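# Results of the structural survey
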Amino acid sequence: MVKICCIGAGYVGGPTMAVIALKCPDIEVAVVDISVSRITAWNSDQLPIYEPGLEDVVKSCRGKNLFFSTDVEKHVSEADIIFVSVNTPTKTRGLGAGKAADLTYWESAARMIADVSKSDKIVVEKSTVPVKTAEAIEKILTHNSKGVNYQILSNPEFLAEGTAIEDLFAPDRVLIGGRETPDGQRAIKALKDVYAHWVPEERILCTNLWSAELSKLAANAFLAQRISSVNAMSALCESTGADVAQVSHAVGKDTRIGHKFLNSSVGFGGSCFQKDILNLVYICECNGLLEVANYWKQVIKVNDYQKNRFVNRIVSSMFNTVSGKKIAILGFAFKKDTGDTRETPAIDVCKGLLGDKANLSIYDPQVTEEQIQRDLSMNKFDWDHPVHLQPMSPSSVKQVSVVWDVYEAAKGAHGLCILTEWDEFKNLDYKQIYDNMPKPAFVFDGRNVVDPHKLREIGFIVYSIGKPLDSWLKDMPAV
Ligand SMILES: NC(=O)C1=CN([C@@H]2O[C@H](COP(=O)(O)OP(=O)(O)OC[C@H]3O[C@@H](n4cnc5c(N)ncnc54)[C@H](O)[C@@H]3O)[C@@H](O)[C@H]2O)C=CC1
Ligand SMILES: O=C(O)[C@H]1O[C@H](OP(=O)(O)OP(=O)(O)OC[C@H]2O[C@@H](n3ccc(=O)[nH]c3=O)[C@H](O)[C@@H]2O)[C@H](O)[C@@H](O)[C@@H]1O
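The shown structure was predicted, so the numbers you read here are calculated from the model rather than taken from an experiment.

Moving on to the pairing of strand 7 (residues 174-178). Within strand 7, 5 of the 5 residues are buried, leaving the element largely enclosed by the surrounding structure. Side chains Val 174, Ile 176 and Gly 178 project from strand 7 onto one buried face, and the interleaved Leu 175 and Gly 177 project onto a second face that is buried too. Where strand 7 and strand 8 (residues 204-208) come together, 5 bridges link them in parallel fashion. Looking at strand 8, one finds that Val 174 is bridged to Ile 204.

Rendered as structure tokens:
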């Protein structure tokens with residue numbers, strides 16, 4: 001029986017391995033992690049991450065051919081194929097700080113593999129890594145090999161959170177990069193055979209190592225670029241009276257452009273887009289390609305601009321101050337159907353409002369108070385480390401309260417800010433909410449989930465990203 005071990009039981013390692021176990025009953029899959037609490041949660045009824053459909057998959061194979069364990073060394077030494085799906089955060093210190101990927105966790109995983117392996121291994125990069133990481137990993141492994149042969153493959157993951165199980169069941173493509181040697185090709189075939197259990201052959205793309213590594217960074221950069229493009233247009237729409245939804249629709253009808261990923265928003269979030277683009281920028285700079293680096297940097301600058309613009313709009317429309325005013329924040333996760341808050345635009349918007357001394361009442365159906373308090377008091381990039389290595393008990397932010405009832409969050413608030421597109425926000429009783437707010441009552445919709453016309457009929461002053469402004473907002477331009 002082929003044995004797979006995955007190092008890193010996170011948003012990627014957990015769901016991908018669960019699906020491999022489900023689709024390949026003839027393979028034994030062990031997911032290992034240094035975080036005891038994560039592994040305990042994977043072995044319990046309360047999984048450590050919220051992802052639609054995940055629980056069913058885990059329950060149907062856990063204890064049969066899917067195991068979660070903290071015994072990292074045992075499972076690594078027994079495995080034929082080792083996936084490495086550990087954190088690759090942005091460096092916060094030293095060379096490349098603020099841009100380069102921090103490969104500390106990767107390197108320590110590689111050194112541990114070299115220490116405990118007694119049989120030949122295929123080591124698969126599942127984490128998103130800089131181009132040429134495989135070369136570095138290969139050096140660590142071969143310099144410490146004790147006669148064991150290693151083949152390194154790059155097999156980046158393209159799942160999106162909230163749809164991870166769907167994405168894994170029917171991926172647009174599976175990408176496998178390896179060495180162009182007979183041993184490298186054999187390793188590619190071994191991994192291809194795993195995916196071939198359920199992915200049609202024409203969707204499994206095999207390339208050289210560097211193409212696979214770079215394709216992952218490129219794919220995320222292209223996706224983020226689309227959002228920054230439409231968000232840049234949203235600012236122009238507000239100045240001209242165009243409606244960004246209509247513009248996106250018209251543009252996306254061109255089959256060469258396509259309609260997906262053209263929703264204007266308060267900005268993209270998530271653990272990877274910014275991190276991976278910064279990483280790409282750093283690689284370009286290291287290769288002397290400054291024009292290319294600047295081109296991609298702009299995608300992040302526009303994203304920051306969009307978040308700032310949103311905060312400025314709120315403050316300027318409320319008589320240039322939110323000091324002492326209650327603002328209800330509806331949604332904190334970086335997108336709907338996940339409890340993940342990594343790099344969520346809500347953090348920057350909340351910090352911007354807190355900077356202007358607002359009192360925030362936050363509601364998100366999947367995010368706990370503890371998480372929100374941590375996010376609002378943590379330093380940039382500190383979030384992307386194993387949980388038990390993150391700074392402990394940051395002080396809580398006093399002007400923030402977190403509630404589990406959206407109407408309670410809204411009660412007495414001067415304004416509502418919609419920051420995540422949870423479906424439930426579409427159909428709230430906005431009349432009841434309006435009646436319980438001081439006037440003028442504002443709605444700032446950062447996800448275009450509400451119908452501004454209906455809310456204006458109730459009496460709200462409504463700002464929807466990229467939509468024609470009402471006269472109140474026109475008279476109070478955001479600087
Ligand atoms: N979150 C996502 O949707 C996607 C993430 N990725 C990439 O996948 C990688 C992992 O991301 P996530 O799963 O989101 O991160 P995560 O933080 O949820 O999981 C990483 C896990 O690795 C563990 N870990 C770190 N060092 C370890 C070591 N030496 N030994 C054992 N366990 C160790 C941590 O404790 C943590 O549980 C990153 O490179 C990310 O860029 C790629 C595609 C999608
Ligand atoms: O490498 C990764 O981590 C993953 O990053 C993204 O997945 P994810 O971040 O989970 O979620 P997305 O659906 O891409 O959304 C990212 C952000 O962009 C925002 N977004 C998305 C689409 C859109 O049209 N407009 C928009 O503002 C979302 O609200 C969210 O904040 C990619 O979609 C995945 O392919 C990739 O594997």
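Attention shifts here to helix 10 (residues 244-252). All of the buried residues along helix 10 are Val 244, Ser 248 and Gly 252. Projected down its long axis, helix 10 carries its buried residues within an arc of 60°, all on one side. In this structure, helix 10 carries Gln 246, His 249 and Ala 250 as exposed residues pointing more than 90 degrees from its buried face. Elements in contact with the buried residues of helix 10: helix 9 (209-240).

Another aspect to go through is the site of ligand 1. Lining the immediate environment of ligand 1, one finds 26 residues, of which Asp 33, Thr 88, Glu 161, Lys 275 and Arg 342 sit closest. Residue Asp 33 places a side-chain N or O atom 2.6 Å away from an oxygen atom belonging to ligand 1. One of the side-chain nitrogen or oxygen atoms of Asn 87 is found 2.9 Å away from an oxygen atom of ligand 1. Alone, ligand 1 offers 830 Å² of accessible surface; in the complex the protein occludes 95% of this. Within the shell around ligand 1, the residues separate by chemical class into 9 nonpolar, 10 polar and 7 charged.

Looking at ligand 2, there are 20 residues lining it, with Phe 158, Leu 159, Ser 265, Cys 272 and Arg 447 nearest. Here Glu 157 contributes a backbone N or O atom positioned 3.4 Å from an oxygen atom of ligand 2. At a separation of 3.4 Å, an oxygen atom of ligand 2 approaches a polar backbone atom of Leu 262. For ligand 2, the accessible surface in isolation is 700 Å², of which the surrounding protein chains cover 90%. Top contributing element to the shell around ligand 2 by residue count: helix 9, with 4 residues.

Moving on, we come to the confidence of the model for the chain. Summarising the model, the chain shows a mean pLDDT of 95, and 99% of its residues fall at 70 or more. Reported confidence for the predicted complex is 0.98 by ipTM and 0.96 by pTM.

What follows concerns the environment of Asn 144. Within the fold, Asn 144 resides in the loop between helix 6 (133-143) and strand 6 (150-154). In this structure the C-alpha to C-alpha distance between Asn 144 and Ala 114, which are 30 residues apart in sequence, comes to 5.8 Å. When neighbours within four sequence positions are excluded, Asn 144 is seen to be in contact with Arg 111 and Ala 114. One polar contact links the side chain of Asn 144 to the main-chain carbonyl oxygen of Ile 140, over a distance of 2.6 Å.

A few words on helix 11 (residues 273-286). The terminal C-alpha atoms of helix 11 lie 20 Å apart, and with 14 residues this matches the ideal 20 Å at 1.5 Å per residue to within 8%. Judged by how many residues are buried, helix 11 sits mostly within the fold: 12 of 14 residues are covered. All of the buried residues in helix 11 are Phe 273, Gln 274, Lys 275, Asp 276, Ile 277, Leu 278, Asn 279, Leu 280, Val 281, Tyr 282, Ile 283 and Cys 284. Tucked into the core, helix 11 has its buried residues touching helix 9 and helix 12 (290-317). Phi turns positive, to about 75°, at Gly 288, one or two residues after helix 11.

Spatially, 11-10-9-12-13-14 is the arrangement adopted by the 6 strands of the open sheet, whose pairing is parallel. Two strands lie at the open edges of the sheet, namely strand 11 (400-402) and strand 14 (461-464), each paired on one side alone. Put simply, the sheet's adjacent strands are angled 15° from each other on average, direction ignored. Here helix 12 sits on the sheet and contacts strand 12 (415-418), strand 13 (442-445) and strand 14; the angle it forms with strand 13, its principal contact strand, is near 170°. Sheet strands touched by helix 13 (residues 345-355): strand 9 (326-330), strand 10 (359-363), strand 11 and strand 12. Its angle to strand 10, the strand with the most contacts, is close to 155°.

On to the side chain of Gln 274, then. Tracing the backbone through its elements, the reader meets Gln 274 in helix 11. Residues in contact with Gln 274, not counting those within four places in the same chain, are Phe 268, Ile 300, Asp 304, Glu 343, Lys 380 and Phe 381.

As a further point, take the pattern of salt bridges. Any two side chains of opposite charge can pair, given that their charged atoms come close. Across all of its chains, the model carries 25 salt bridges by this definition. Salt-bridge contacts for Asp 276 lead to Lys 275; the nearest nitrogen and oxygen are separated by 3.1 Å. One network of salt bridges, in which partners are shared, links Lys 3, Lys 74 and Glu 78.

Moving on, we come to the packing of aromatic side chains. Scanning the model with the defined rule gives 13 aromatic pairs in all. Ring centres of Phe 319 and Trp 472 lie 5.6 Å apart, and the angle between their planes is 75°; on these two criteria the pair is classed as edge-to-face. Linking Phe 319 in the loop between helix 12 and strand 9 with Trp 472 in helix 18 (residues 471-475), this pair joins segments that are 153 residues apart in sequence. On the accessibility criterion, Phe 319 (47% relative accessible area) is partly exposed. Look at Trp 472 and you get partly exposed, because its relative accessible area is 27%. Residue placement shows Lys 132 over the ring face of Trp 210; its charged tip is 4.2 Å from the ring centre. The ring of Phe 158 has Arg 173 lying over it, and the distance from NZ or CZ to the ring centre is 3.6 Å.

Attention now goes to the state of the cysteines. Where two cysteines share a covalent bond between their sulfur atoms, that bond is called a disulfide. Per the stated rule, a full pass over the model turns up 0 disulfides. Not engaged in a disulfide, the cysteine Cys 6 finds its nearest cysteine sulfur in Cys 5; these two sulfurs lie 7.0 Å apart. The exposure class assigned to Cys 6 is buried, which follows from its relative accessible area of 0%. For Cys 24, which is in no disulfide, the shortest distance to another cysteine sulfur is to Cys 61 and amounts to 10 Å.

Cut-offs applied
Residues numbered from 1 in each chain as written. Chains lettered and ligands numbered in written order. Predicted model: local features only at pLDDT ≥ 70, side-chain atom pairs only at ≥ 80, totals over all residues. Heavy atoms only, no water. Buried < 20%, exposed > 50% of the residue type's maximum accessible area, 1.4 Å probe, protein only. Helix = DSSP H or I, 4+ residues; strand = E, 2+ residues; numbered from the N terminus. Pairing = 2+ DSSP bridges. Arc of directions from axis to C-beta. Contact = heavy atoms within 4.5 Å. Near = heavy atom within 4 Å. Polar contact = N/O pair within 3.5 Å; in protein donor to acceptor, adjacent residues only side chain to side chain. Areas by Shrake-Rupley, 256 points an atom, 1.4 Å probe, with all protein chains shown as cover. Nonpolar A, V, L, I, M, F, W, Y, C, P; charged D, E, K, R; others polar. pLDDT = per-residue confidence, 0-100. Expected span 1.5 Å × (residues − 1). Axes fitted to C-alpha atoms, helices over the stretch in contact; angles between N-to-C directions. Salt bridge = Lys/Arg side-chain N within 4 Å of Asp/Glu carboxyl O. Phe/Tyr/Trp six-rings, centres within 6.5 Å; stacked < 30°, edge-to-face > 60°. Lys NZ or Arg CZ within 6 Å of the ring centre and 35° of its normal. Disulfide = S-S within 2.5 Å.

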